[in-house]
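Structural overview for review
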Amino acid sequence: MLIFFSQETSNIPELYKIPFDVQQLSDFAEWEKNRIVPSAFVIEGNDHPYVSSILGKIRRDSEVFASLCFSTVLLPSSDNSLFDGILPPPLELQKQIEAAQDLSRSLKGKDNYLTHQGRLINYLWLRPNYIVQPWHEWKNPRFYRYPLLEAMSLDQSDSFEWLRNLANSKILEPVSLLDRQRECMYCRSSHLSFVDICPNCSSIDIKLQPSLHCFTCGCVDAQDKFMHSGTLVCPKCHTHLRHIGSDYDRPLENYSCHACHHAFVEGDVQVRCAICEKDMNPNELILNEIHSWRLSDKGRTIAFRGEVFDLSSGFNQLDFISRELFIHDLDWMMVMARRYPNINFSLFGIYFANLPDLVELFNHARLLQMLESFAQRLRNLLRTPDLSTRTAENMLWLLLPNTDEQGLMGFQKRIEKSMDMLLEESEYKLDFRFITVNSQKLSNKENAELLLARLFGELL
Ligand SMILES: [Zn+2]
Ligand SMILES: [Zn+2]
Ligand SMILES: [Zn+2]
């Protein structure tokens, strides 16, 4: 079955009536009445809003998001990357449909593909050569968009943030580097303007000013102050300046500030963000690399084996550092706290005792969603210098610098609140345990490795 969307009656569907069943609809709402899943969709015409709206709804639908979908006209828009190309002739179409159906049959664990990540893997699995391309759009605050990622996440996740997670978990791999751009440190926009300012008072009122330097008295001043009815006369010692090099020369200071009268060779540069209107130094800008991406071997393995859910990926947003680095930093903090009494830090452990059992109770997708939203809440509780790591799939550690006993109690209260939500979501089936310690209660004999092992032992 082929479903054709078109605004007016056309004869294209006629050509496909021999090998296929053909249905003609005018809009997506009409399809939604019966929700017949076809072998492929075709959207006819070049009316951009019409085509774009139907295509967007197909790609965001929970059932048909990964369906083959063809256009009849090549549109110069980001929508092209969500089409499977121009509608091929019937025989070729038949082949493409069969290939997609074969791939679809080999995709395991289909009920698990409910999360954004699952949908993306499913989509890419059905299109082995698909490259996730960024679309350049000057109106976009970041200049680039990834239309496929927007559609697969139902516009809910920030594409760049999501890409970072997908790359960290090695589900996508970069294909080629397309651009490198600097972005606002506050809002990550790349709409920036660069303004020269006075290095002394930061005023923008500076001007390139030709100046002269009198050799007789050493006076340096603006060139027009030396002009005297067509000849050059020093404004200070009144010497006639005739020969450049022997009487006078041009000094290096060439700019002058109208606000503070400072003279200088090179102004400072200030960056202004057009979106959030904040100012910053050029060296504070964040460098972002724009890549195209494809499904990695690991991503393919996940699709093939049906293991969409590496449960621990639920915690991905916590920006874990490696266990080794965490232990190294913890050791260093322990040495510092022993040496300097005013240094105070805390260690916080969260142990999820029964994650594997919960997989049996809920499905993977639901459990993963619960963990993801917990990780999101936890992330909001952490400050920039806080470190986190994971020593087992279900054992998280947080290292909180500059946190005393009281701060630790406050932190625990906030985590407990967030845990209450997780508990409720898990219908009170989740078994979790906390362990905390403040640096003032540490023994002098333990190192970080031993400390973590001892605390973990207490949790079991
Ligand atoms: Zn002079
Ligand atoms: Zn100035
Ligand atoms: Zn900004």
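Here the structure is shown first, and the text comes after it.
Now for a description of the structure that goes with this document. None of these values were measured; they are calculated from a predicted model.

Looking at the coordination of the zinc ion (ligand 1)
Note on metal geometry: ideal angles are 109.5 degrees for four donors arranged tetrahedrally and 90 or 180 degrees for six donors arranged octahedrally. Those protein atoms acting as donors to the zinc ion (ligand 1) are Cys214 (SG), Cys217 (SG), Cys234 (SG) and Cys237 (SG), and they sit at 2.3 Å. One way to put it: the four donor atoms around the zinc ion (ligand 1) meet at angles of 104 to 112 degrees, and that makes the site tetrahedral. With a relative accessible area of 29%, Cys217 lands in the partly exposed category. Overall, the relative accessible area of 29% leaves Cys237 in the partly exposed class.

Considerations on the nonpolar core
With 45 residues, the main nonpolar core has Phe5, Ile43, Ile58, Leu120, Leu124 and Leu148 as its most contacted residues. Setting aside chain neighbours within four positions, we find Phe5 in contact with Leu25, Ser26, Asp27, Phe28, Trp31, Phe41, Val42, Ile43, Glu44, Tyr50, Ile54 and Ile58.

Things to note about the sheet that holds strand S17 (residues 268–273)
Taken together, three strands build an open sheet; the order of strands is S8-S17-S18 and the sheet is antiparallel. Strands with a single pairing partner mark the edges of an open sheet, and in this sheet they are strand S8 (192–197) and strand S18 (279–280). When S8 meets S17, the two strands line up antiparallel, connected through six bridges. Opposite Ser193, over in S17, you have Arg272 as the bridge partner.

Notes on the coordination of the zinc ion (ligand 2)
Of the protein atoms, only Cys198 (SG), Cys201 (SG), Cys257 (SG) and Cys260 (SG) coordinate the zinc ion (ligand 2), at distances of 2.2 to 2.4 Å. Bound by four donor atoms, the zinc ion (ligand 2) shows angles of 106 to 114 degrees at the metal and therefore tetrahedral coordination geometry. In terms of primary sequence, the donors binding the zinc ion (ligand 2) are separated according to C-x2-C-x55-C-x2-C. Of this pair, Cys198 sits in the loop between S8 and strand S9 (206–208) while Cys260 sits in the loop between strand S15 (255–257) and strand S16 (263–264), and the two are 62 residues apart along the sequence. For Cys260, a relative accessible area of 26% corresponds to the partly exposed category.

Overview of the side chain of Ser418
For Ser418, the location among the structural elements is in helix H13 (residues 405–425). Classification of Ser418 as buried rests on a relative accessible area of 7%.

Here's the deal with the packing of aromatic side chains
Summed over all chains, the structure comprises 13 aromatic pairs. Consider the rings of Phe4 and Tyr16, whose centres lie 6.0 Å apart with planes at 55 degrees: the pair is tilted. With Phe4 in strand S1 (residues 2–5) and Tyr16 in the loop between helix H1 (12–15) and strand S2 (22–25), this pair connects stretches of sequence that are 12 residues apart. An identical accessibility class is assigned to Phe4 and Tyr16; each is buried. Taken together, the aromatic side chains of Phe5, Phe28, Trp31 and Phe41 make up a single cluster linked through ring pairs. Between Arg127 and the ring centre of Tyr123, over which it is positioned, the NZ or CZ distance is 3.8 Å. One cation-aromatic arrangement involves Lys278 over Tyr186; the distance from NZ or CZ to the ring centre is 5.0 Å.

Remarks on the pairing of S17
As judged from the two bridges shared by S17 and S18, these two strands associate in the antiparallel manner. By the bridge assignment for S18, Val271 is matched with Met280. Between S17 and the antiparallel strand that follows it, S18, lie five residues; Glu277 among them carries a positive phi value of about 65 degrees.

Some remarks on the sheet that holds strand S3 (residues 40–43)
With parallel pairing, the four strands of this open sheet are ordered in space as S2-S1-S3-S4. The open sheet has two edge strands, S2 and strand S4 (68–71), and neither has a second partner. Along the sheet, successive strands turn relative to each other by an average axial angle of 20 degrees, direction set aside. Note: S1 against S2, four bridges, orientation parallel. When the sheet's bridge partners are listed, Ile3 is paired in S2 with Gln23. Lying on the sheet, helix H3 (residues 48–59) is in contact with S1, S2, S3 and S4; it crosses S3 at an angle near 160 degrees. Contacting S1, S3 and S4, helix H4 (residues 90–105) runs over the sheet at an angle of about 155 degrees to S4.

Let's talk about H4
When the terminal C-alpha atoms of H4 are compared, their 22 Å separation across 16 residues agrees well with the 22 Å that a helix rising 1.5 Å per residue should span. For H4, the full list of buried residues reads Leu93, Ile97 and Ala100. The buried residues of H4 occupy an angular sector of 65 degrees when projected down its axis, which confines them to one face. Seen from the buried face of H4, the exposed residues on the opposite side, beyond 90 degrees, are Leu91, Lys95 and Arg105. Buried positions along H4 lie against S1, S3 and S4.

Brief notes about the environment of Phe4
Taking relative accessible area as the criterion, Phe4 reaches 0% and is therefore assigned buried. Excluding its chain neighbours within four sequence positions, the residues that come into contact with Phe4 are Ile12, Pro13, Tyr16, Val22, Gln23, Gln24, Leu25, Val42, Glu44 and Leu87.

Some points on H13
The end-to-end C-alpha separation of H13 is 30 Å, in line with the 30 Å expected for 21 residues at 1.5 Å each. Buried within H13 we find Leu408, Phe411, Ile415, Ser418, Met419, Leu422 and Leu423. Angularly, the buried residues of H13 cover 155 degrees about the axis, an arc narrow enough to put them on a single face. Along H13, the residues that are exposed and aim more than 90 degrees away from the buried face are Gln406, Met409, Lys413, Lys417 and Glu424.

Looking at the packing of helix H10 (residues 323–339) against helix H14 (residues 448–459)
Each pair of packed helices gets described by two things: the angle between the helix axes and the distance between those axes. Two elements in contact, H10 and H14, have axes separated by 8 Å at closest approach and are oriented at 105 degrees. The pairing of H10 with H14 is recorded here as roughly perpendicular in orientation. Within the contact between the two elements, H10 uses Arg323, Phe326, Ile327, Leu330, Asp331 and Met334 and H14 uses Ala448, Glu449, Leu451 and Leu452. Residues belonging to the contact of H10 with H14 are distributed by class as follows: seven nonpolar, no polar and three charged.

Cut-offs used in this document
Residues numbered from 1 in each chain as written. Chains lettered and ligands numbered in written order. Predicted model: local features only at pLDDT ≥ 70, side-chain atom pairs only at ≥ 80, totals over all residues. Heavy atoms only, no water. Donors = N, O, S within 2.8 Å, 3.2 Å for Na, K, Ca; no water. Tetrahedral: all angles 85-135°; square planar, octahedral: opposite > 155°, others 65-115°. Buried < 20%, exposed > 50% of the residue type's maximum accessible area, 1.4 Å probe, protein only. Core = buried A, V, L, I, M, F, W, Y, C linked by side-chain atoms within 4.5 Å. Contact = heavy atoms within 4.5 Å. Pairing = 2+ DSSP bridges. Helix = DSSP H or I, 4+ residues; strand = E, 2+ residues; numbered from the N terminus. Phe/Tyr/Trp six-rings, centres within 6.5 Å; stacked < 30°, edge-to-face > 60°. Lys NZ or Arg CZ within 6 Å of the ring centre and 35° of its normal. Axes fitted to C-alpha atoms, helices over the stretch in contact; angles between N-to-C directions. Expected span 1.5 Å × (residues − 1). Arc of directions from axis to C-beta. Parallel < 35°, antiparallel > 145°, perpendicular 65-115°, else oblique. Nonpolar A, V, L, I, M, F, W, Y, C, P; charged D, E, K, R; others polar.

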